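In case you want the letters, here they are:
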Amino acid sequence: VSPTGLFTALDAATGKVVWSLQAKGAVVGDPVVADDMLYCSFGVGLFAKIKAATGEVVWTTRSGSLQMQCLPAVADGKVVVSTWENDVRCYDTKSGKQLWRWDSGDPRFDFAPGLIFPQIVDGKVYISVNKQIVALELKTGKEIWRDEMFSYRKAMGRSSDGKNVYVQNREADIISLRT
């Protein structure tokens with residue numbers, strides 16, 4: 001996807017263009033593919049589900065009034081994203097309906113929540129926000145716990161077996177947390 005919002009799918013074997021699609025505006029986040037569907041920002045305040053094979057837009061939904069920059073997380077029929085509005089939102093993958101919204105509680109405008117990379121493991125969403133790790137229930141968005149021991153940075157990842165989430169702290173150490 002280009003910053004102008006042009007999506008281009010290439011054939012992996014030949015490099016030839018399979019399809020192209022123009023979003024409703026600029027796209028600054030990375031898409032994720034799950035179950036042959038592409039989940040991504042689709043312009044300012046929009047989020048979309050697109051058929052990866054054809055480029056057909058399945059649905060679009062409002063994702064606030066600002067841009068979205070995160071890498072979405074998909075599991076159990078839900079897609080979780082963060083926005084530049086200091087929140088994390090969960091959508092139903094079938095309908096695009098917003099299921100819940102979790103607010104960081106920080107009233108200051110901050111671009112950093114757009115750089116949150118949610119991780120979903122065993123029905124929980126792990127995020128790094130405001131120097132903390134937060135665990136939320138995937139089903140409801142209810143906060144389970146917070147940890148601010150290591151002054152965490154924004155981005156995080158998880159192990160392939162889902163037993164650990166990783167996050168970098170301000171001193172450039174990688175912290176591993178058992179899920």
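Residues numbered from 1 in each chain as written. Predicted model: local features only at pLDDT ≥ 70, side-chain atom pairs only at ≥ 80, totals over all residues. Heavy atoms only, no water.

Any chance you could break down the nonpolar core for me, citing the residues and the numbers?
Grouped together as the largest cluster of nonpolar side chains are 15 residues, with contacts concentrated most on V80, W100, W102, I120, V125, I127 and L136. Elements supplying a minimum of two residues to this core: β7 (73–75), β9 (87–92), β10 (98–103), β12 (124–129) and β13 (132–137). Among the elements that line this core, the one with the most residues is β12, at 3 residues. Aside from chain neighbours lying at most four places away, what touches W102 is N86, D87, V88, I127, V129, V134, L136, G141, E143 and R146. Counting residues in hydrophobic clusters, the runner-up holds 12 residues, among them F7, L21, V27 and I50. (Core = buried A, V, L, I, M, F, W, Y, C linked by side-chain atoms within 4.5 Å. Buried < 20%, exposed > 50% of the residue type's maximum accessible area, 1.4 Å probe, protein only. Helix = DSSP H or I, 4+ residues; strand = E, 2+ residues; numbered from the N terminus. Contact = heavy atoms within 4.5 Å.)

So, the environment of T60: which residues are in play, and what are the values?
Here T60 is to be found in strand β6 (residues 57–62). Residues T60 and L46, 14 residues apart in the sequence, show an inter-C-alpha distance of 6.6 Å. Excluding residues that lie within four positions of it along the chain, T60 makes contacts with F42, F47 and A48.

Describe the sheet that holds strand β4 (residues 37–41), naming the residues involved and giving the relevant values.
Taken together, 4 strands build an open sheet; the order of strands is β3-β4-β5-β6 and the sheet is antiparallel. For this open sheet the edge positions go to β3 (32–34) and β6, each flanked by a neighbour on one side alone. Strand-to-strand twist of the sheet, defined as the mean angle between neighbouring strand axes without regard to direction, takes the value 20°. By the bridge criterion, 5 bridges tie β4 to strand β5 (residues 46–51) in an arrangement that is antiparallel. (Pairing = 2+ DSSP bridges. Axes fitted to C-alpha atoms, helices over the stretch in contact; angles between N-to-C directions.)

Can you explain the pattern of salt bridges? Please cite residues and give values.
The tally for this structure, following the rule as stated, stands at 5 salt bridges. Its salt-bridge partner being D103, residue R101 comes within 3.5 Å of it at the nearest N-O pair. R101 sits in the partly exposed class, given a relative accessible area of 42%. Here R146 and E143 are joined by a salt bridge, their closest N and O atoms 2.7 Å apart. For E143, a relative accessible area of 30% gives the class partly exposed. The network of salt bridges with common partners includes D87, R89, R101 and D103. (Salt bridge = Lys/Arg side-chain N within 4 Å of Asp/Glu carboxyl O.)

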